[in-house]
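# Topology and contacts: notes
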Amino acid sequence: MTFKTWLSRLTGDKRRPRARLPSSQSIREEAFQAALELATEGVILLDKDGRVLALNSRAQAMMHSGLAILQGADFWEALPEAITDRHRGAAEKALRSDNRSAFLSHHAFEDQWVEYVLRPKADGMVVHLRDVSATHRALRRLHESESGQQTLFDAHPVAMWLFDPGSRRLLGCNQASAALYGQPLEDVAGQAIEIFFPDGEGAALIDSLPAGDFHGAMRLCTQKKADGERILVELACASIYWQLRPAVLVSVVDVGARHTADEQLRRRNDELELGIEQSNLQTKSSLKELETFLYAMSHDLKAPLHVVSGFARTLAERYSTVLDHQGQHFLERIQASTRQLAKLIDDLRTLTYLPRMNLVSETVDLVPVCQRLVDELGKREPERQVLLEMPAELLVT
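Residues numbered from 1 in each chain as written. Predicted model: local features only at pLDDT ≥ 70, side-chain atom pairs only at ≥ 80, totals over all residues. Heavy atoms only, no water.

## What to know about the overall build of the protein chain
Looking only at helices and strands, the protein chain has 13 helices and twelve strands in total. Viewed in the frame of its principal axes, the protein chain has a C-alpha envelope of about 125 × 45 × 35 Å. Of the roughly 25600 Å² of accessible surface on the protein chain, a fraction of 54% belongs to carbon and sulfur atoms. Looking at the protein chain, you have 47 positive and 55 negative side-chain charges, and the mean spots of the two groups are 7 Å apart. (Helix = DSSP H or I, 4+ residues; strand = E, 2+ residues; numbered from the N terminus. Areas by Shrake-Rupley, 256 points an atom, 1.4 Å probe, with all protein chains shown as cover. Lys, Arg positive; Asp, Glu negative; His and termini not counted. Charge placed at Lys NZ, Arg CZ, Asp CG, Glu CD.)

If you want it as structure tokens, here you go:
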């Protein structure tokens, strides 16, 4: 493209909007929100003051909050009042002595049981929400019907096993548990719970269980399969009565795939961060090249423009009396065009300084601007009659 072609395109379509690149901050926020939405459970990020920084749609649905907008709200105030009053004190106390706290809440209207797991981080806290309604309903039915306990237990899709807290021996496992551990049901009954735990972690589990009735106590730990393979699981323990005697029901969820997905999300975030950084470097380089080009072009145009403007001025001063009406009109057009080009060059120079300037937002009335443009176009084509209707003022910021 020649310089003259480029200049004609630049001056001939002033109304064409300039493309605006999305900011790196907005790209980061959108990528982070998309990563949150990929999670299979509700996730809430809190700052150090306990206010919501970000959350995914699953978390917002499971909180059943009365607030329309949760971002920026205090986490405990966003929860239904009954849940906050019941669990806040115990959760804050547990977090002071441990690196996690968990509680179970019931939303009666929806008949939904939601498990909240709070984990403190260096710059705030992460809250995981999981709908455990199916598990809780299964537990409730176990209490309500002794005759149906074994059927529900065996048919439940979540891996479960029972043990006697006194002897620490297994009372039974369901089919899902047998499939998870690779242990036949007949080989499990009566065994010590250590067959599922490597390195004596079973004793630590028993010692950490609260006294009396409890439910929803969760922990992340390693389990051992029959072939020696170790898997990462989340255990949820609850005290129940099984065949008229106290027992502990343990539900097991394999979270290895979830942790793999989390690792893939972290790797994807790293790739996005790298891509954003490279885009920023390319943008800065392009802006620098544009600034250099505009400055050089405006400087090179000034000298010939001064010559044209000087000759036109001299011609107007010395020979205007010998020029006829059309010649004077042509001379005025030359002078007007040189002034317009000089203003364009000055605007280009100003453009080179814009990236380094602090922009200040001001209110502007567009009516005078539009009127000036119409007047200039009218001078170019006086034979055209245009009726312009505008309000008295058109303010924009």
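## A short note on the layout of surface pockets
Roughly 860 Å³ of volume is contained in the second largest pocket. Along the wall of the second largest pocket there are 28 residues; nearest its centre are Val 43, Val 126, His 128, Asp 262 and Arg 266. Breaking the lining of the second largest pocket down by element, the ones donating at least two residues are helix H2 (24–37), strand S1 (42–46), strand S4 (112–121), strand S5 (124–131) and helix H11 (256–319). Ranked by the residues each element gives to the lining of the second largest pocket, the list is headed by H11, at eight residues. The residue inventory of the lining of the second largest pocket, partitioned by class, reads 14 nonpolar, six polar and eight charged. (1 Å grid on protein atoms, 1.4 Å probe; cavity = no way out; pocket = protein on both sides within 12 Å on 5 of 7 lines; lining within 4 Å. Points joined across faces, edges and corners; volume = space filled by probe spheres on them. Nonpolar A, V, L, I, M, F, W, Y, C, P; charged D, E, K, R; others polar.)

## What to know about the state of the cysteines
This model, assessed by the stated rule, comprises zero disulfides. With no disulfide of its own, Cys 221 has Cys 237 as its nearest cysteine by sulfur position, at a separation of 8.3 Å. (Disulfide = S-S within 2.5 Å.)

## A closer look at the confidence of the model for the protein chain
For the protein chain, the average pLDDT comes to 81, and 91% of its residues sit at 70 or higher. Here residues 1–11 is modelled with pLDDT under 50, and outside its nearest four sequence neighbours on either side it reaches eleven contacts, counting other chains as well. In the model, residues 13–19 has pLDDT below 50 throughout and makes two contacts with residues more than four positions away in sequence or in other chains. (pLDDT = per-residue confidence, 0-100. Contact = heavy atoms within 4.5 Å.)

## Here's the deal with the nonpolar core
Counting 23 residues, the largest nonpolar core has Trp 161, Phe 163 and Val 252 as the members making the most contacts within it. For this core, the secondary structure elements donating two or more residues are strand S6 (159–164), strand S7 (169–173), helix H8 (175–181), helix H10 (201–208), strand S9 (230–242) and strand S10 (245–254). In terms of residue count, the dominant contributor to this core is S9 (four residues). Excluding its chain neighbours within four sequence positions, the residues that come into contact with Phe 163 are Arg 168, Arg 169, Leu 170, Leu 171, Ile 193, Ile 206, Leu 209, Ala 247, Val 248 and Val 250. Counting 22 residues, the second-largest nonpolar core is a separate cluster that includes Ile 44, Leu 46, Leu 70 and Leu 95. (Core = buried A, V, L, I, M, F, W, Y, C linked by side-chain atoms within 4.5 Å. Buried < 20%, exposed > 50% of the residue type's maximum accessible area, 1.4 Å probe, protein only.)

## Quick word on the side chain of Asp 74
Its place among the elements puts Asp 74 in the loop between helix H3 (57–63) and helix H4 (75–78). Buried and unpaired, Asp 74 has no salt bridge, with Arg 88 as the nearest side chain of opposite charge at 4.5 Å. Ignoring any residue separated from it by four or fewer positions in sequence, one finds Asp 74 in contact with Asp 49, Gly 50, Arg 51 and Arg 88. (Salt bridge = Lys/Arg side-chain N within 4 Å of Asp/Glu carboxyl O.)

## Considerations on the environment of Ala 342
Examined against the element boundaries, Ala 342 turns out to sit in helix H12 (residues 325–353). Setting aside anything within four residues of it in sequence, one finds Ala 342 in contact with Lys 302 and Leu 305.

## Some points on the environment of Asp 85
Among the secondary structure elements, Asp 85 is positioned in helix H5 (residues 81–97). Asp 85 sits in the exposed class, given a relative accessible area of 59%. Through-space distance from the C-alpha of Asp 85 to that of Tyr 353 is 58 Å; in sequence the pair is 268 residues apart.

## As for the sheet that holds strand S2 (residues 52–55)
Read from one edge of the open sheet, five strands run S2-S1-S5-S4-S3, paired in antiparallel fashion. Of all strands in the sheet, those with a lone pairing partner are S2 and strand S3 (101–107), marking the two edges. On average, adjacent strands in this sheet sit at an angle of 20° to one another, irrespective of strand direction. Pairing of S4 with S5 involves eight bridges; the strand directions are antiparallel. Residue pairing for S5: Arg 119 is matched across the bridge by Val 126. Contacts from H5 reach S3, S4 and S5, with the element oriented near 170° to S3. (Pairing = 2+ DSSP bridges. Axes fitted to C-alpha atoms, helices over the stretch in contact; angles between N-to-C directions.)

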